[in-house]
Amino acid sequence: MLVLLGFAMIAVFMVLIMTKKLTPVLALIIVPTVFGLFAGAGLGIGDMVMDSMKSMTSTAALLMFAIIYFGLMIDVGLFDPLVKFILRKLGNDPAKVVLGTAILAAAVSLDGDGSTTFILTTAAMLPVYLRLKMSPVVLTCVAGLANGTMNILPWGGPTARAATALNLDVNDVFVPMVPSLIVGLIVVLVFSWLLGLQERNRLRTTAPEIWGDVADPSEAFDGGTGRGGAVAAGSGPGSGFGAGSFGRNGSTAGKPGTGGGAGVAILEDPATLVDDHDTAMADTALDPNRSTLRPKLFWFNLGLTVAVMVVLVANIVPLPFVFMVGSAIALLVNFPKVKDQGAQLIAHAPSIVAVVSMVMAAAVLTGVLNGTGMVKAMSEWLVQIIPADMGPFMAIITGLLSIPMTFFMSNDAFYFGVLPVLSETAAHYGVDAVDMARASITGQPFHLQSPLVPAILLLVSLAKVDLGDHHKKVLWRTAVVSVVMLAVGVLTGAIGIG
């Protein structure tokens, strides 16, 4: 009964958020509560949730103050030069922008922290996406793909857990999986390029105020500097094309097109094309005249941010406290007036409420899964249903099971609770523990998209993307990446067959 209720609960939750029948926060609260009561939790369900919530308070604090800190840095203009640099290098071609997003996310993922990766990637790329009228869902999809693939790095967590659970050396687990990692990243880049091409084609019809009728959206601005006007259809003999150029006030002046046609300017300053209510981050990032800019404090803010990141990576102080102190210093220096400090906190309140509420709500799901024994029952059932003649293929089976199982349970629950049982079973068929460990980490690209992972909640909150929309675009792609990594591991001999 617990097995049935556990799988049914996960299925109902996913259907409700992907069909947008409920918001993720409500689904995380209501669905586990109903199923927990059916599982016989009774009034004890409250204690289950509270026990789970205790382990999430530090994560909620980290995300809350990280949002405040990086939101503040965006407000004061710290990332403006980076955005301009990215535009110069990538131009305005959506395909190149999406590919650049994947490369940036993969590079930042080298620090092993998903929250940091998503904060920096979103801070750098979201203004570009909104400026070009690109879908933020593509950004979250690509960032999730890249970070999930890179999550098998030894310092990322899962590989170390797998090695610890099976008493193995972490290098023995990771090094043979490097080819799988490389191929996985190649698949991510291919997906990113294809998504970029889809965005390029979509923008030709859905954003005519930016792209007009040009054959290639990348030609709609001059050189990616953000100062050129859109190509507009000319009138008169020859039906030439004319390019408008921006004035200081954002107005445009058409230039004569070839063939004697008079160009018709169709663009204003791209910053004005962004809905002010899209996201608080985008509104401030795209306004070069915002009152919160602090150009004279650029080097101070850069130094403070570098210091925060160094302490974060060094892990010498609890991460929530790092961002608490960093936020306090940044607010005090950039906004010395109490009234302005309060205004800054209020400005980022929507993002804070969105992500922290989901983290707290996720405690209901994890509390019910663990407290009622659903997780344990589900893992034991999976082990029992594996046919004996499939024993020699236990490593491959484990890799496939890791895709869904790490999605609806924490890495700790899977690697310390399920993997040892699977490995012990595999040993009877001649499958080594190290093969099981390597196979078990191939499901990480899929795992990182779970609503139980705080970092993904932070990503969709910063980008103002619905979790269901993110899942519809990213889940099947991450499943493909996971299966490809598993297949490469088998073909290279890193994952053996008994």
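Residues numbered from 1 in each chain as written. Predicted model: local features only at pLDDT ≥ 70, side-chain atom pairs only at ≥ 80, totals over all residues. Heavy atoms only, no water.

1. Quick notes on the overall build of the protein chain
- When helices and strands are tallied, the protein chain shows 24 helices and three strands.
- At a minimum sequence separation of 6, the contacts of the protein chain that also span at least 24 residues come to 74%. (Helix = DSSP H or I, 4+ residues; strand = E, 2+ residues; numbered from the N terminus. Contact = heavy atoms within 4.5 Å.)

2. Points about unusual backbone geometry
- Its identity as a non-glycine residue notwithstanding, Lys-133 has a phi of 65 degrees, on the positive side.
- The phi angle at Lys-464 is positive, at roughly 55 degrees, despite the residue not being glycine.
- Relative to the helices and strands, Lys-464 resides in the loop between helix H23 (454-462) and helix H24 (467-491).

3. Quick look at the side chain of Arg-438
- Tracing the backbone shows Arg-438 in helix H21 (residues 433-440).
- Arg-438 has contacts with Asp-172, Val-173, Pro-176, Met-177, Ala-494 and Ile-495, leaving out every residue within four places of it along the chain.

4. With respect to the packing of helix H8 (residues 136-150) against helix H11 (residues 178-206)
- Contact pair H8 / H11: the axes reach a minimum separation of 9 Å and the direction vectors enclose 175 degrees. With respect to H11, the axis of H8 lies roughly antiparallel. Facing H8, whose interface residues are Val-138, Cys-141, Val-142, Leu-145, Ala-146, Thr-149 and Met-150, H11 presents Leu-181, Gly-184, Leu-185, Val-188, Phe-191, Ser-192, Leu-195 and Glu-199.
- Taken together, the residues of the contact of H8 with H11 break down into 11 nonpolar, three polar and one charged. (Axes fitted to C-alpha atoms, helices over the stretch in contact; angles between N-to-C directions. Parallel < 35°, antiparallel > 145°, perpendicular 65-115°, else oblique. Nonpolar A, V, L, I, M, F, W, Y, C, P; charged D, E, K, R; others polar.)

5. Side note on helix H15 (residues 319-334)
- When the terminal C-alpha atoms of H15 are compared, their 22 Å separation across 16 residues agrees well with the 22 Å that a helix rising 1.5 Å per residue should span.
- For H15, the set of buried residues is Leu-319, Pro-320, Val-322, Phe-323, Gly-326, Ser-327, Ala-330, Leu-331 and Asn-334. Seen from one end, H15 has its buried residues packed into an arc of 150 degrees, which puts them on one side. (Expected span 1.5 Å × (residues − 1). Buried < 20%, exposed > 50% of the residue type's maximum accessible area, 1.4 Å probe, protein only. Arc of directions from axis to C-beta.)

6. A look at the confidence of the model for the protein chain
- Chain-level pLDDT for the protein chain is 77 on average; 80% of the residues reach the 70-or-more range.
- Segment residues 217-286 is flagged for pLDDT under 50; beyond a separation of four residues in sequence, or across chains, it makes 151 contacts in the model. (pLDDT = per-residue confidence, 0-100.)

7. Digging into the environment of Ala-413
- Note that Ala-413 resides in helix H20 (residues 411-427).
- Of the residues examined, Ala-413 reaches a relative accessible area of 19% and is grouped as buried.
- Taking the C-alpha atoms as reference points, Ala-413 and Lys-376, separated by 37 residues in sequence, lie 8.8 Å from one another.
- The residues contacting Ala-413, other than those within four sequence positions of it, are Val-375 and Val-418.

8. A look at the pattern of salt bridges
- For the structure on display, the rule yields four salt bridges.
- The closest approach of N and O atoms between Asp-93 and Arg-200, which form a salt bridge, is 2.6 Å. With a gap of 107 residues between them, Asp-93 in the loop between helix H5 (80-90) and helix H6 (94-108) and Arg-200 in helix H11 connect regions that are remote in the sequence.
- One salt bridge in this structure joins Asp-435 and Arg-438, with 3.9 Å as the shortest N-O distance. Placement of both Asp-435 and Arg-438 in helix H21 is noted, with a separation of three residues, approximately one turn of the helix. (Salt bridge = Lys/Arg side-chain N within 4 Å of Asp/Glu carboxyl O.)

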